[in-house]
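# Chains, contacts and geometry: an overview
Okay, here's what each chain looks like letter by letter:
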Amino acid sequence: MEVTALSHNEHRILVINPGSTSTKIGVFVNDHSIFEKTIRHDSQFIQCFHKIADQYEFRKKTILETLDEEGINLSRLDAICGRGGLLRPIEGGTYTVNKEMLDDLHSGYAGQHASNLGGILAYEIATALNIPAFIVDPVVVDELEPLARISGFSLIERKSIFHALNQKAVARRVSKQLGKKYEELSVIVVHMGGGITVGVHKNGRVIDVNNGLHGEGPFSPERAGTVPVGDLIDLCFSGMYYREEIMKKIVGQGGLVGYLGTNDAIEVEKMIEHGDENAKLVYDAMAYQVAKEIGSASAVLKGKVDAIILTGGLAYGKEFVSKIREYINWIADVIVQPGEDELQALAEGTLRVLIGEEQAKEYTNDKIVHKM
Ligand SMILES: Nc1ncnc2c1ncn2[C@@H]1O[C@H](COP(=O)(O)OP(=O)(O)O)[C@@H](O)[C@H]1O
Ligand SMILES: CCCC(=O)OP(=O)(O)O
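Fair warning: this is a prediction, and the values are worked out from it, not measured in the lab.

## Things to note about the overall build of the protein chain
Along the backbone of the protein chain there are 13 helices and 14 strands. Rg of the C-alpha trace for the protein chain: 20 Å, near the compact-globule value of 21 Å for 372 residues, within the 12% margin. Its C-alpha atoms give the protein chain principal-axis dimensions of about 55 × 50 × 50 Å. Counting all 372 residues of the protein chain, 50% fall into the buried class. Taking as baseline every contact in the protein chain between residues at least 6 positions apart, the subset at least 24 positions apart corresponds to 69%. Of the roughly 18,100 Å² that the protein chain leaves accessible, carbon and sulfur atoms contribute 51%. Side chains of the protein chain carry 39 positive and 51 negative charges; the gap between the two charge centres is 3 Å.

And the structure:
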């Protein structure tokens, strides 16, 4: 690749977004991408690792080899940023990767999710280069209103676990397009990927959102979402399953995977094209549940919704999007922003700190959370 001299106000940033079956990496000069690559991993190989953190050595080697092949000079980097992680609940922003954060990511204190590797990889590669490591808007960004925390069962509090990074980045982008500040708007952002989360963004804060990992909301390509609770309890105590097996059926093998054996919506669309009635019913049900969640989010905003934004991989599906639209068009304008731009969002969050526009926040592990 072409090597150019950096001027004093240019910052070169490596960003790392570990997903369940891929690691996306990018190199940015300020907020301008000069290299991006999705490294795919064999899903059966990945599943051999007992804990997410055990994949660290393998993913690090793959990243470094890829950068080397592309001729990227690591010594010219100024900072590294990873997508993090199932940590304890924190407010949005850019965080320095510190020891307390690393302890929680390594142990999976708040749970197992591929993004736990983001902070670990950023830290390990950055430390060898003597440069800082950050994470931006991790999946545990928690800005819930007190009202939204009440689950209805006094032993369990609702949690904020969602696609915070992409939801906030897309909401900021659309606000700009609408000629307003993110902090002035009330929007509903629907990220539809492996998991599906519907966030209520009011004046720059996500005041309510479904826990998209193992909590609630619509079912998704690989997660069950809300399930009838009494029946789930019966299943748990039926003696037929270990805890890990039930958890896997909810996260990873739930949703489309459970009904149709695939998490790939494109494959499901092909099944429907070939006349598979069951696939059509299940796919329609997923759109129906997403629409119901949007309706519920619009009630949180008392109907004063500036826009509904559909994003994530499933937003590429024209039929799927049009099904959702049929139910929710009456609420507000629907803006479709397919895919995600998480690498860009990581670079922008890091840059805000490097140029002094924001100060990096410090993570502390003094909050106790119910472990999963
Ligand atoms: N063109 C497309 N049409 C319909 N569905 C798509 C399309 N592209 C991707 N998807 C689906 O989007 C889902 C993955 O979304 P993505 O946002 O990449 O997930 P992740 O949460 O892993 O980042 C998969 O079910 C995939 O099949
Ligand atoms: C854990 C909430 C965010 C999420 O579901 O991410 P993926 O869809 O990338 O697994």
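## What to know about empty space enclosed by the protein
In this approach, a probe sized like a water molecule rolls over the atoms, and the result shows the empty space that is left. Under the criterion given, the structure shown has two cavities of 30 Å³ or more. Of the pockets and cavities examined, the largest cavity occupies roughly 50 Å³. Along the walls of the largest cavity sit Ile196, Asn210, Asn211, Gly212, Leu213, His214, Gly215, Glu216, Pro218, Ser220, Arg223 and Gly225, which together make up its complete lining. Of the residues assigned to the lining of the largest cavity, the class counts are three nonpolar, seven polar and two charged.

## Here we look at the site of ligand 1
Around ligand 1 sit 13 residues, and of these Gly194, Asn263, Asp264, Ala265 and Gly313 come closest. Between Gly313 and ligand 1, the recorded distance is 2.9 Å, taken from a backbone N or O atom to an oxygen atom. Separating an oxygen atom of ligand 1 from a backbone N or O atom of Leu314 is a distance of 3.3 Å. Across the complex, the protein chains shield 68% of the 570 Å² of accessible surface that ligand 1 would expose by itself. A breakdown of the residues in the shell around ligand 1 according to their chemical character gives five nonpolar, six polar and two charged.

## Describing the site of ligand 2
Close to ligand 2 lie Arg83, His113, Val139, Ile161, Phe162, His163, Gly194, Gly195, Leu213 and Arg223. At 3.1 Å from an oxygen atom of ligand 2 is found a side-chain nitrogen or oxygen belonging to His113. Note that an oxygen atom of ligand 2 is positioned 2.8 Å from one of the side-chain N or O atoms of His163. Expressed as a share of its isolated accessible area of 310 Å², the protein-covered part of ligand 2 is 88%.

## Notes on the confidence of the model for the protein chain
The pLDDT averaged across the protein chain works out to 94; a share of 97% of its residues lies at or above 70. Confidence drops under a pLDDT of 50 for residues 1-5, and excluding neighbours within four residues, the segment shows nine contacts in the predicted structure.

## A look at the sheet that holds strand E12 (residues 307-312)
One open sheet holds the five strands; their spatial order is E11-E10-E9-E12-E13, and the pairing between them is mixed. Every interior strand has two partners, whereas the edge strands, strand E11 (205-209) and strand E13 (334-338), have only one. Taken over all neighbouring pairs, the strand axes of this sheet differ in orientation by 25 degrees on average, direction set aside. For E12 and E13, the ladder comprises five bridges, and the chain directions are parallel. If you follow Thr311 over to E13, its bridge partner there is Gln337. Set on the sheet, helix H11 (residues 277-300) makes contact with strand E9 (186-192), strand E10 (196-202), E11 and E12; between it and E10 the angle comes to about 20 degrees.

## Let's talk about the packing of helix H3 (residues 99-107) against helix H4 (residues 116-129)
At their nearest, the axes of H3 and H4 sit 9 Å apart, and the two run at 130 degrees to each other. Classed by the angle they form, the pair H3 and H4 counts as oblique. In the crossing of H3 with H4, the sense of the turn from one axis to the other is left-handed. Contacts from Leu102, Leu105 and His106 of H3 reach H4 at Asn116, Gly119, Ile120 and Tyr123.

## Brief notes about the packing of helix H2 (residues 56-69) against H4
Two elements in contact, H2 and H4, have axes whose closest approach is 10 Å; the angle formed by their N-to-C orientations is 60 degrees. Regarding the angle of H2 to H4, the classification is oblique. The interaxial crossing formed by H2 with H4 has right-handed handedness. Contact with H2, carried on its side by Tyr56, Arg59, Lys60, Ile63 and Leu64, involves Leu117, Ile120, Leu121, Glu124 and Ile125 of H4 and no other residues of that element. Per-class residue counts for the contact of H2 with H4 are seven nonpolar, no polar and three charged.

## Quick look at unusual backbone geometry
The phi dihedral of Asn30 falls on the positive side, at around 55 degrees, and the residue is not glycine. Note that Asn30 resides in the loop between strand E2 (22-29) and strand E3 (32-40). You will see that Asn130, though not glycine, has its phi angle at about 60 degrees, which is positive. Turning to its location among the elements, Asn130 is positioned in the loop between H4 and strand E6 (133-136). What makes Asn130 exposed here is its relative accessible area of 74%.

About the cut-offs
Residues numbered from 1 in each chain as written. Chains lettered and ligands numbered in written order. Predicted model: local features only at pLDDT ≥ 70, side-chain atom pairs only at ≥ 80, totals over all residues. Heavy atoms only, no water. Helix = DSSP H or I, 4+ residues; strand = E, 2+ residues; numbered from the N terminus. Rg over C-alpha atoms; globule rule 2.2 N^0.38 Å. Buried < 20%, exposed > 50% of the residue type's maximum accessible area, 1.4 Å probe, protein only. Contact = heavy atoms within 4.5 Å. Areas by Shrake-Rupley, 256 points an atom, 1.4 Å probe, with all protein chains shown as cover. Lys, Arg positive; Asp, Glu negative; His and termini not counted. Charge placed at Lys NZ, Arg CZ, Asp CG, Glu CD. 1 Å grid on protein atoms, 1.4 Å probe; cavity = no way out; pocket = protein on both sides within 12 Å on 5 of 7 lines; lining within 4 Å. Points joined across faces, edges and corners; volume = space filled by probe spheres on them. Nonpolar A, V, L, I, M, F, W, Y, C, P; charged D, E, K, R; others polar. Near = heavy atom within 4 Å. Polar contact = N/O pair within 3.5 Å; in protein donor to acceptor, adjacent residues only side chain to side chain. pLDDT = per-residue confidence, 0-100. Pairing = 2+ DSSP bridges. Axes fitted to C-alpha atoms, helices over the stretch in contact; angles between N-to-C directions. Parallel < 35°, antiparallel > 145°, perpendicular 65-115°, else oblique. Left-handed = near helix turned anticlockwise from the far one by under 90°.

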